[in-house]
Amino acid sequence: MKACVPLIAAVLCGLAWADLYLAPNSCRGRCLEAFDKHHLCHCNARCPEFGNCCEDFESLCGHEGFSHISDAITKGDPQSTSEKIYRADTNKAQKEDIVLNSQKCISPSEARDRVDRCPEPLFTYVNEKLLSKPTYAAFINLLDNYQRAVGRRERFTAQQLAEQDTFLSEVMKTAVMKELYGFLHQQNRYSTEQEFVNDLKNMWFGLYSRGKQEADSGGFEHVFSGEVKKGKVTGFHNWILFYLQEKEGLVDYYSHICDGPGDSYPKVLALQFSWDGYYKKIGSTFIGSSPEFEFALYSLCFITRPGKVCQLSLGGHPLAIQTYAWDKSTYGNGKKYITTAYVVFSTQ
């Protein structure tokens, strides 16, 4: 079996006219400026939180001008916070709660073959008492609120909107999400817990169009519930959904590329599978983690390192998460929706 390493107001004096002309697309001469909605990208201390910094923000503003800013998040902050979140996840599966049958390990190049190399299911046993816990139950209620085909408009009923609020309410009761909010509040990203919850709802459950001008997709749908686009599975990075769909005969586990780190939960798996006839070439997922744990880590990375590889640490093991933001529409004061988040793997 291969070991997995988850990688998881402008001062204008002295500027030439060329510099001013470039300003809307660059941070040259704009570090620490006030937010201006007319600018295409931004260079203030909070643009990383909103995911709307100019491309040269880090190189021009990421050191001298921002080293003294109280809410600038250093490289080590997400790592130390992820360790606290890891220790706080008391709702995770214990070793005896899940029996995995990972079977065939293949090379990344073999994933193109679409060959089912595993005759048996991935999950031999799951203690379903886990799934009745409040955050698990609230999470499961959300999974059937979407149409998986990209291009088909999503319309939430009053009950489905209430289920979103219930999920957010339940996860915010956990030590995991309290750790995340405490860190972001300390970093001046959110003034109140309600502001944080409202932003999570927009960030994760807000809709945008991946298809033909329809509000057909959202971050939660893509990451946790899964989508089908052009005959292929996209997203679907959640073990609970995988288990439930495999139990119903809708998921067929094909193989895995790597498995790790360690033997306790949560662990991570890069796998291949078929979902009701649609193929997922390589998908990463945590195994045995609570819904609030995954939700917290992905949110941490999107808020602090949007669109980048976010380096974390779980129980002393390095892990990296990649997130992406939706660039074609925004909510609130120019904030961007999350489009995807997943664990990045390297093999050795």
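Residues numbered from 1 in each chain as written. Predicted model: local features only at pLDDT ≥ 70, side-chain atom pairs only at ≥ 80, totals over all residues. Heavy atoms only, no water.

As annotated in an unreviewed UniProt entry, the protein is Uridylate-specific endoribonuclease from Lipotes vexillifer. Taken directly from UniProt, the Cofactor (unreviewed entry) text for the protein runs: "Mn(2+)". For the record of the protein, the UniProt heading Subcellular location (unreviewed entry) holds the text "Secreted". (UniProt positions renumbered as here; feature names shortened; annotations may be inferred.)

A. The arrangement of the overall build of the protein in detail. On a plain count of helices and strands, the protein comes out with 11 helices and 11 strands. Split into buried and exposed, the 348 residues of the protein put 53% on the buried side. Summed over all atoms, the accessible surface of the protein reaches about 15,800 Å², with 50% contributed by carbon and sulfur. (Helix = DSSP H or I, 4+ residues; strand = E, 2+ residues; numbered from the N terminus. Buried < 20%, exposed > 50% of the residue type's maximum accessible area, 1.4 Å probe, protein only. Areas by Shrake-Rupley, 256 points an atom, 1.4 Å probe, with all protein chains shown as cover.)

B. A look at the pattern of salt bridges. This structure, assessed with the given rule, holds 9 salt bridges. Aspartate 276 is the partner of arginine 148 in a salt bridge, and the nearest nitrogen-oxygen pair spans 2.8 Å. Of this pair, arginine 148 sits in the loop between α5 (134-142) and α6 (158-171) while aspartate 276 is found in the loop between β7 (267-275) and β8 (278-287), placing the two residues 128 residues apart along the sequence. A residue is classified by how much of its surface remains accessible, and aspartate 276, at 41% relative accessible area, is partly exposed. Close ionic contact of aspartate 165 with lysine 201 constitutes a salt bridge, the shortest N to O distance being 2.7 Å. Of this pair, aspartate 165 sits in helix α6 while lysine 201 sits in helix α8 (residues 193-205), and the two are 36 residues apart along the sequence. For aspartate 165, a relative accessible area of 40% corresponds to the partly exposed category. It is possible to trace a salt-bridge network through shared partners that takes in Glu110, Asp113 and Arg117. (Salt bridge = Lys/Arg side-chain N within 4 Å of Asp/Glu carboxyl O.)

C. View of the packing of α6 against helix α11 (residues 291-304). Contact geometry for α6 and α11: axes closest at 10 Å, N-to-C directions at 90°. Classified by the angle their axes make, α6 and α11 are roughly perpendicular. Residues Phe167, Leu168 and Val171 of α6 touch α11, and the partners they reach there are Pro291, Glu292 and Phe295. For the contact of α6 with α11, the residue count by class is 5 nonpolar, no polar and 1 charged. (Axes fitted to C-alpha atoms, helices over the stretch in contact; angles between N-to-C directions. Parallel < 35°, antiparallel > 145°, perpendicular 65-115°, else oblique. Contact = heavy atoms within 4.5 Å. Nonpolar A, V, L, I, M, F, W, Y, C, P; charged D, E, K, R; others polar.)

D. Structural detail: the packing of aromatic side chains. Evaluation of the coordinates by the stated rule reveals 27 aromatic pairs. Residues phenylalanine 123 and tryptophan 239 carry aromatic rings whose centres are separated by 6.1 Å and whose planes lie at 40° to one another, so their mutual orientation is tilted. One end of the pair, phenylalanine 123, is in strand β3 (residues 123-126); the other, tryptophan 239, is in helix α10 (residues 239-247), and 116 residues separate them in sequence. With respect to class, phenylalanine 123 is no different from tryptophan 239; both count as buried. Taken together, the ring pairs connect Phe139, Tyr146, Phe156, Phe167, Trp204, Phe205, Phe220, Phe224, Phe286, Phe293, Phe295 and Tyr298 into an aromatic cluster. For the cation-ring pair, lysine 92 lies above tyrosine 86, with the distance from its terminal atom to the ring centre recorded as 4.8 Å. (Phe/Tyr/Trp six-rings, centres within 6.5 Å; stacked < 30°, edge-to-face > 60°. Lys NZ or Arg CZ within 6 Å of the ring centre and 35° of its normal.)

E. View of the environment of glutamine 245. Within the secondary structure, glutamine 245 is located in helix α10. When the C-alpha positions of glutamine 245 and tryptophan 275 are compared, they lie 8.2 Å apart, and in sequence the two are 30 residues distant. Residues contacting glutamine 245, with those up to four places away along its chain left out, are Leu250, Val251 and Trp275.

F. Broad picture of α10. Of all 9 residues that make up α10, 7 are buried, and the element is covered over most of its length. Taken as a whole, α10 has its buried residues at Trp239, Ile240, Leu241, Phe242, Tyr243, Gln245 and Glu246. With a side-chain oxygen lying 3.1 Å from the backbone nitrogen of isoleucine 240, the N-terminal cap of α10 falls on asparagine 238. Glycine 249 sits one or two positions beyond α10 and adopts a positive phi of about 80°. (Polar contact = N/O pair within 3.5 Å; in protein donor to acceptor, adjacent residues only side chain to side chain.)

G. Layout of the packing of helix α7 (residues 175-186) against α11. It is the contact of α7 with α11, at a shortest axis distance of 9 Å, that shows an interaxial angle of 15°. Comparing the axis directions of α7 and α11 gives the class roughly parallel. Crossing of α7 over α11 shows left-handed handedness. Mapping the contact onto sequence places Val176, Met177, Leu180, Phe183 and Leu184 in α7 and Glu292, Phe293, Phe295, Ala296, Ser299, Leu300, Ile303 and Thr304 in α11. Grouping the constituent residues of the contact of α7 with α11 by class yields 10 nonpolar, 2 polar and 1 charged. (Left-handed = near helix turned anticlockwise from the far one by under 90°.)

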